[in-house]
Amino acid sequence: MNIEELEQIAESVRLENSRYDFEVNVCMDLACMSQGSDRLRDELVKAAEASGKKVLVRRTGCMGPCSSGPLVRVDPEETLYHHVKAGDAEAIVSSLGGDPVPALQCDLNEHFDKQVRVVLENAGHIDPEKIDDYIARDGYKALLTALTEMTPNGVVHRITESGLRGRGGGGYPTGLKWGTVAKAGGDLKYVVCNGDEGDPGAFMDRSVMEGDPHRIIEGMAIAAYGVGASKGFIYVRAEYPIAVSRLTTALREARRRGLLGNGICGTTFNFDVEIRLGAGAFVCGEETALLASIEGRRGTPRPRPPYPAVSGLWGKPTLINNVETYANVAPIVRNGGKWFFNMGSERSKGTKVFALTGRITHTGLIEVPLGIKLWEIIDVIGGGVPGGHTLKAVQTGGPSGGCIPAEMLGLGVSYDALMAAGSIMGSGGMIVMDDTSCMVNVARFFIEFCMTESCGKCIPCRAGTAQMYTLLTRICEGQGTMDDLDLLVELCDTVKNASLCGLGQTAPNPVLSTLKYFRNEYIEHIVHKRCPAGVCNIQAPVEVLA
Amino acid sequence: MPAFTPPSLPSDDKRWKIVNGTMRKNGFARHALIETLHTVQSSFGYLDDDAIRFVARTLRVPLSQAYGVVTFYHYFSLKPPGKHTLTICAGTACYIKGADKLVAAAEKRLGIAQGQTTKDGAISLMTARCVGACSRAPVTLADGVVAGEASPEAMLEQLERWAVE
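Analysis parameters
Residues numbered from 1 in each chain as written. Chains lettered and ligands numbered in written order. Predicted model: local features only at pLDDT ≥ 70, side-chain atom pairs only at ≥ 80, totals over all residues. Heavy atoms only, no water. Pairing = 2+ DSSP bridges. Helix = DSSP H or I, 4+ residues; strand = E, 2+ residues; numbered from the N terminus. Axes fitted to C-alpha atoms, helices over the stretch in contact; angles between N-to-C directions. Salt bridge = Lys/Arg side-chain N within 4 Å of Asp/Glu carboxyl O. Contact = heavy atoms within 4.5 Å. Polar contact = N/O pair within 3.5 Å; in protein donor to acceptor, adjacent residues only side chain to side chain. Phe/Tyr/Trp six-rings, centres within 6.5 Å; stacked < 30°, edge-to-face > 60°. Buried < 20%, exposed > 50% of the residue type's maximum accessible area, 1.4 Å probe, protein only. Lys NZ or Arg CZ within 6 Å of the ring centre and 35° of its normal. Buried area = accessible area lost by both parts, 1.4 Å probe. Nonpolar A, V, L, I, M, F, W, Y, C, P; charged D, E, K, R; others polar. Core = buried A, V, L, I, M, F, W, Y, C linked by side-chain atoms within 4.5 Å. Domains from an automatic or database assignment.

Peer 1: Looking at this model, I keep getting lost on the sheet that holds strand E8 (residues 318-322) of chain A. Mind explaining?
Peer 2: Two pairing modes exist for strands in a sheet, parallel and antiparallel, and in both the strands are linked by backbone hydrogen bonds. Residues and elements named next belong to chain A. Taken together, the four strands give an open sheet; going across it, the order is E7-E6-E5-E8, and neighbouring strands pair in parallel fashion. Both outer strands of the open sheet, strand E7 (272-277) and E8, are each paired with one neighbouring strand and no more. Ignoring which end each strand starts from, the neighbouring axes of this sheet average 20 degrees apart. Direction of pairing for strand E5 (residues 190-195) relative to E8: parallel, over a ladder of five bridges.

Peer 1: What is the right way to look at the pattern of salt bridges in this model?
Peer 2: Close approach of charged atoms allows side chains with opposite charge to pair. Enumeration over the complete set of coordinates arrives at 37 salt bridges over all chains. Across the pair Asp-13 of chain B and Arg-15 of chain B runs a salt bridge whose closest N-O atoms are separated by 2.9 Å. Each member of the salt-bridge network shares a partner with another, and the members are Arg-59, Asp-127, Glu-129, Lys-130 and Arg-246 of chain A.

Peer 1: Can you walk me through the environment of Asn-194 of chain A in this structure?
Peer 2: Residues and elements named next belong to chain A. With respect to the secondary-structure elements, Asn-194 resides in strand E5. The sequence separation of Asn-194 and Val-489 amounts to 295 residues, and the corresponding C-alpha distance is 32 Å. In this view, Asn-194 contacts Asp-205, Tyr-235, Gly-285, Leu-290, Ile-320, Asn-321, Asn-322 and Val-323; residues no more than four positions away in its chain are not counted. Of note is the side chain of Asn-194, whose polar atom sits 3.0 Å from the backbone nitrogen of Asp-196. There is a polar contact of 3.0 Å between the side chain of Asn-194 and the backbone oxygen of Gly-285.

Peer 1: Help me out: how do you make sense of the packing of aromatic side chains in this one?
Peer 2: The relative placement of two aromatic rings is captured by the distance of their centres and the angle of their planes. All names here are of chain A. Tallying each qualifying case throughout the model produces 14 aromatic pairs over all chains. Geometrically, the ring pair formed by Trp-339 and Phe-340 is tilted, given 6.3 Å between the ring centres and 55 degrees between the ring planes. A relative accessible area of 0% means that Phe-340 is categorised as buried. Ring geometry for Phe-445 against Phe-446: centres 5.3 Å apart, planes inclined by 75 degrees, an arrangement best described as edge-to-face. Per residue, the accessibility class of Phe-445 equals that of Phe-446, and both read buried. An aromatic cluster of at least three residues, connected via ring pairs, comprises Tyr-190, Phe-233 and Trp-314. The ring of Phe-233 carries Lys-231 above its face, with NZ or CZ at 5.4 Å from the centroid.

Peer 1: Whenever I open this one, the pairing of E8 of chain A confuses me. Can you help?
Peer 2: Within E8 of chain A, five of the five residues are buried, which leaves it mostly tucked inside the rest of the structure. Here E8 of chain A shows a buried face lined by Thr-318, Ile-320 and Asn-322 of chain A and a second buried face lined by Leu-319 and Asn-321 of chain A.

Peer 1: Explanation requested: the interface of chain A and chain B in the structure shown.
Peer 2: When the parts come together, some accessible area is lost, and that loss is often what is quoted as the size of the interface. Contacts between chain A and chain B engage 55 residues on the former and 33 residues on the latter. Between chain A and chain B, the buried area comes to about 3500 Å², and carbon and sulfur atoms account for 57% of it. Sorting the residues of chain A by area buried against chain B places Ala-279, Arg-298 and Phe-445 of chain A first, and these three jointly supply 17% of that buried surface. Connecting chain A to chain B are one salt bridge. Two residues, Arg-129 of chain B and Glu-453 of chain A, come together in a salt bridge whose shortest N-O distance is 3.5 Å. Elements with a minimum of two residues in the side of chain A that touches chain B: helix H2 (30-33), E7, helix H13 (287-294), strand E9 (351-358), strand E13 (429-434) and helix H18 (439-453) of chain A. Examining the composition of the side of chain A that touches chain B, we find that eight residues originate from one element, H18 of chain A, more than from any other. Partitioned by chemical class, the residues of the side of chain A that touches chain B number 25 nonpolar, 18 polar and 12 charged.

Peer 1: Where do I start with the nonpolar core in this structure?
Peer 2: Generally speaking, soluble globular proteins have nonpolar side chains that are buried together. Grouped together as the largest cluster of nonpolar side chains are 106 residues, with contacts concentrated most on Tyr-140, Trp-178, Val-191, Met-220, Val-236 and Phe-271 of chain A together with Ile-88 of chain B. If sequence neighbours within four positions are ignored, Val-191 of chain A has contacts with Met-220, Ala-223, Ala-224, Val-227, Ala-229, Lys-231, Gly-232, Phe-233, Phe-271, Leu-319 and Tyr-326 of chain A. Counting residues in hydrophobic clusters, the runner-up holds 46 residues, among them Ala-289, Ile-294 and Leu-313 of chain A together with Met-23 of chain B.

Peer 1: Would you take a moment to explain the side chain of Arg-58 of chain A for this structure?
Peer 2: All names here are of chain A. Tracing the chain through its elements places Arg-58 in strand E2 (residues 55-60). In terms of polar contacts, Arg-58 uses its side chain to reach the side chain of Glu-23, at 3.1 Å. Separated by 3.5 Å, the side chain of Arg-58 and the backbone oxygen of His-125 make a polar contact. What Arg-58 contacts, discounting residues up to four positions off in sequence, is Asn-17, Glu-23, Val-24, Asn-25, Val-26, His-125, Ile-126, Asp-127 and Asp-133.

Peer 1: Would you mind going over the pairing of E5 of chain A with me for this structure?
Peer 2: Regular strands show a simple pattern: their side chains alternate between the two faces of the sheet. With six of six residues buried, E5 of chain A lies mostly within the body of the structure. Burial along E5 of chain A is two-sided: Tyr-190, Val-192 and Asn-194 of chain A facing one way and Val-191, Cys-193 and Gly-195 of chain A facing the other are all buried.

Peer 1: What should I look at first to understand the domain arrangement of chain A in this one?
Peer 2: Residues and elements named next belong to chain A. What the domain assignment reports for chain A is domain 1 (3-113), domain 2 (138-341), domain 3 (351-433) and domain 4 (439-527). Summarising the inter-unit geometry, the C-alpha centres of domain 1 and domain 3 are found 30 Å apart. Every contact between the two is made by eight residues of domain 1 and, on the other side, eight residues of domain 3. The interface formed by domain 1 and domain 3 holds zero salt bridges in total. For the pair domain 1 and domain 3, the interface holds five residue pairs in polar contact (both at pLDDT 80 or more). For the side of domain 1 that touches domain 3, a count of residues per class yields four nonpolar, three polar and one charged.

Peer 1: Which parts of the structure should I look at to understand the sheet that holds strand E3 (residues 140-142) of chain B?
Peer 2: All names here are of chain B. Taken together, four strands build an open sheet; the order of strands is E2-E1-E3-E4 and the sheet is mixed. Two strands bound the open sheet, and with one partner strand each, they are strand E2 (123-128) and strand E4 (145-147). Geometrically, the sheet is characterised by an average inter-axis angle of 25 degrees between neighbouring strands, direction not taken into account. Across three bridges, the pairing between strand E1 (residues 84-89) and E3 is antiparallel. Counted as the bridge partner of Leu-86 is Ala-142 from E3. Helix H6 (residues 99-110) contacts E1, E2 and E3 of the sheet and is inclined by roughly 155 degrees relative to E1.

Here it is in structure tokens:
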């Protein structure tokens, strides 16, 4: 395989596509499939055959606004249809070449206008199980350019120059990490992709793995070339069967095309990737726990240093990045570090994918340049809170993050600004809460999660989260005292500072941020024995007769 | 050192061959433990003592370590599942949209707590940490098939359909 052959494949796909007058793209992401988009596709294929028109029906990855699903986009007109049922297939096909079907048409321009698509550039445009579709959209060009025209140092330099930071939540500069692994000695090194998206309420990585799996493989291969690794692992949650199956297909296709294996592209570069399944442990998103799990052991973290970059899988230098981080690599190599550096805010470069869910009109997957104001995401892209309710808070960062109150919607979304507000960027879950949510109960929900998911290795996390859960339950049941609040803060401090890994260190965030911004709700529960949102089941105090 | 001969299969159940295949594919390496346990669970539905013993012995992993791994990860189950499984997602988005009401309704209807199976072995009631379909919250899975924007009524209807089978 070389650049010319890649061009030939791309050309033949374009030629093949030009034989059709219309392209009907059907979203086959989990959310749309749960509403029967697979049957819809079958019906569209049938209707297209019966009509005699030249129609290409294509399954694609997530198109974004999942709440409007199942989604269908007709090209070249780019007509977007929402809530499409299998029974609408015939109407759509017969409208081709004429006026669109008005009943199904939707106007989501506001939703899309503020978005910038880098990671999701192919989502909704390619069939995730066809490598040639990916190649036709400049896929694997970056890998071949890197292998034939750049030195490994040059690759690392380009990533450093781009200012890309880890998209798993930590925000560590990616170039710096690559440089450390590249400098580490030894001839055997590993590249690992963290696809253990455990944050409840986040599904960005699932969508990328399901919708554009080759992008991750290409990013990993470029990383491997940059740091001098020859073997890669993708660690995926077992709860994502579609992602696993599409990645498996993608790996097979990449090997068949000679883009993985020995002597890639006629060079001396060897690289192959294996999939490893997670088994339902949130803590395995922590890098040292993830490595233990790949080695077939219990996923318990270990102290760092040594960092995996120096001593990782089986003691060898190992590069670990998140799915979305790898997904950014190919466009950066293709377009240059400066291109990426010019997007985003001062210290947070590029774009970020968020999973917008909860009490908001348009739920789904969005990609925005960093630095965007929170209100733009909620009110413009998300379409605001439905049903006449008022926005109360936006939760970011999952169980490690915090709740940002409605008053702070002017906040620019960046690693540093979110951190200063007591939350974190996290992997990209963004859950909108309105006046029907009780913030004490939300804090209890997250602490319960961390308590169950604590691996039990270190005491502050194992015992601390359990004690915090007891205190929060007491407050939710109307049995709490004001002293409990002080005790809670004290516990938060201990768990935060004395825990071994990120799970424990960040577990108090949901409690601390709700205590900071919604202290009055805690007080209502404790002093007035009432839950303002009506969520907590507080028994009315028994009147004691004198 | 004499070459290692893997122990013979526990029975002539064909599913053991699939399990053995996973181990062979990984060169009977110790790090294949979790992969192999996944194969056992997908073939048999759960992990029993015989299976754990067999896998541990074949991969030369101490039994304590194998058992430790099985009990560490939520995905592995030591009990056989019911004929049907209803899973209710308990992720954050589902929680915000009232997954607790779904759980309560299902528990009441089936007379069991989450994580249990009805006495007749017909239905298991499980909760999941997050299945990643948050945009359609709250979400239930009937034998693995995702249903979004689930209402207690629709969920109970599904349970009725299973009950009359």
